[in-house]
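# Architecture at a glance
One-letter residues, chain by chain:
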Amino acid sequence: MGNNRIYVTTTITQEYEYITPVTNGHTTNLTNNPTSNATNTTGNATNTTSNGNNTAAIGSNSTPNGINTTVNGNNTTSNATNTTGVGSDTASSGGNGDCNSPLDQFAIRDLLSLDAIDASVSLTNIGLYLTLASLIVLIVSLISNNYNKILSNSWSASQESVYATLHSIVINQINEKKGQMYFPFIFTLFIFILSNNLIGMVPYSFASTSHFILTFSLSFMIVLGATFLGFIYHYLKFFSLFVPSGCPLALLPLLVLIEFISYLARNVSLGLRLAANILSGHMLLNILSGFTYNIMNSGFFFFFLALLPLAFIIAFSGLELAIAFIQAQVFVVLSCSYIKDSLELH
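What you see is a predicted model, and the numbers here were worked out from it, not measured in a lab.

## Thoughts on the pairing of strand 4 (residues 120-124)
In this structure, strand 3 (residues 110-115) lies alongside strand 4, joined through five bridges in antiparallel fashion. Its bridge partner lying in strand 4, Asp 115 is registered against Ser 120. Following strand 3, the chain reverses through four residues before pairing antiparallel with strand 4.

## Some points on the nonpolar core
When a protein is soluble and globular, its nonpolar side chains tend to lie buried together. If you look at the biggest cluster of nonpolar residues, it comprises 32 residues, and the most contacted ones within it are Leu 166, Ile 174, Leu 189, Ile 193, Phe 331 and Ile 339. Looking at this core, the elements that each hand over two or more residues are helix 4 (154-173), helix 5 (183-200), helix 6 (212-234), helix 7 (252-296) and helix 9 (307-344). Judged by nonpolar contacts, the second largest core, of five residues, contains Ile 126, Tyr 129, Ala 133 and Ile 199.

## What to know about the packing of helix 3 (residues 125-144) against helix 4
Helix-helix packing is described using two parameters, namely the angle between the two axes and the distance between the axes. For the pair helix 3 and helix 4, the least separation of the axes is 8 Å and the interaxial angle reads 110 degrees. By the criterion of interaxial angle, the relationship of helix 3 to helix 4 is roughly perpendicular. Residues Val 140, Ser 141, Ile 143 and Ser 144 of helix 3 lie in contact with helix 4, whose contacting residues are Trp 155, Ser 156 and Gln 159. For the contact of helix 3 with helix 4, a count of residues per class yields three nonpolar, four polar and no charged.

## Quick notes on a nonpolar patch on the surface
Where nonpolar side chains cluster on the molecular surface, the patch consists of Leu 132, Leu 135, Ile 136, Leu 138, Ile 139, Val 140, Leu 142, Ile 143 and Trp 155 and spans about 780 Å² of accessible area. Structurally, Leu 132 can be placed in helix 3. According to the relative accessible area criterion, Leu 132 is partly exposed, its value standing at 37%.

## Observations regarding the packing of aromatic side chains
By the definition in use, this model includes 16 aromatic pairs. Through a chain of ring-to-ring contacts, three or more aromatic side chains come together here, namely Phe 231, Phe 238, Phe 239, Phe 242, Phe 260 and Tyr 263.

Calculation rules
Residue numbering note: each chain is counted from 1, following its sequence as written. For this predicted model, a pLDDT threshold of at least 70 governs which residues receive local features, and a threshold of 80 or more governs which side-chain atom pairs are given and counted, while totals over whole chains, interfaces and linings are taken from all residues. The side-chain figures draw on all heavy atoms in the structure; neither hydrogens nor water molecules are used. One requirement defines pairing of two strands: DSSP has to find at least two bridges between them. Going along the chain from the N terminus, every DSSP run of H or I of four or more residues is numbered as a helix, and every run of E of two or more is numbered as a strand. Throughout, nonpolar core names a set of buried Ala, Val, Leu, Ile, Met, Phe, Trp, Tyr and Cys residues whose side chains join them through atoms within 4.5 Å. For each residue, the accessible area found with a 1.4 Å probe, counting protein chains only, is set against the maximum for its type, and the residue is called buried under 20%, exposed over 50%, and partly exposed in between. Axes here mean lines fitted to C-alpha atoms, for a helix over just the part in contact, with angles spanning 0 to 180 degrees between N-to-C directions. Geometric relationships in this document are graded by angle, where less than 35 degrees denotes roughly parallel, more than 145 denotes roughly antiparallel, 65 to 115 denotes roughly perpendicular, and other angles denote oblique. Every residue pair with non-hydrogen atoms within 4.5 Å of one another is taken to be in contact. Basically, the charged four are Asp, Glu, Lys and Arg, the nonpolar ten are Ala, Val, Leu, Ile, Met, Phe, Trp, Tyr, Cys and Pro, and anything else, Gly included, counts as polar. Nonpolar side chains (Val, Leu, Ile, Met, Phe, Trp, Tyr) within 5 Å and like charges within 9 Å form the patches, drawn only from residues with over 30% relative accessible area and no salt bridge. All accessibility values rest on the Shrake-Rupley procedure with a 1.4 Å probe; residue burial counts only the protein chains present in the view. Think of a salt bridge as a Lys or Arg side-chain nitrogen and an Asp or Glu carboxyl oxygen that are within 4 Å of each other. Two aromatic rings from Phe, Tyr or Trp, using only the six-membered ring of Trp, form a pair when their centres are within 6.5 Å; if the ring planes differ by under 30 degrees the pair is stacked, by over 60 it is edge-to-face, and anything between is tilted.

Below is the structure:
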């Protein structure tokens, strides 16, 4: 046995269940762990030392190989760990990248802030544009003043056409006698909403009517004022508004509940309709503009290809301009309808 040489060969793989090589009666279990396989290789090499000097030399040579295998396995693990860290850094870099959301244009930001001892006053962008809209309405009204001249200028003619249109709406929705009283309020409401809608169409401006806080404030004020108006004119008889005419007695509780819920829904629906239309239109324009810009920057051929969506954006901008007028008109028509219900109950 002194000169017999026993060669130990182990194969480290990733996909096997159990391999049981036999070396001089010793059985070694190899599992799926490369590190433990390398360690078992060292043990097998050490166990063959007693079989002879040459075998011991082979075992001595096998031992560092096993150690190196283990180290390489650890290096592989560390490399995998480093790879994971790089992936994490890449993911974090992607998360911190610039990503413009279509909702960024509606963010309310402080433009000027003054901090006192017990109070803080700040001017936001929505406050600035509401003030700007009021100033524009005042300036246009002063320019449209004809100063008792016989021939009116273009500004005066345009304001007279708006005046006549709203006057017919008030007369038709309320009535000829009582409707005259509420015409100044309806006219001011229409001009205020229209001016804010048109200012929001200017590029890089701010659409004030896209915020629900503004539209809900207007709608709650109108519905609440109409309710007070109904109680002032009719007292408790105002509750007959919730009873449909010709209603069967058996269905009366159910129909009264439905009418009451629909009356409360006026507060939300009136403001929601205006803000949702302005908000969705501006978001769609922002998305289409960004899409067209990316196509134009893709190459010379894509620059001419992007002219098609650019033409659609121009056409859609015209549609948004029409929606600015339509939504202002719908808002005042529904306001007149709510006032009529409070005055006549049906």
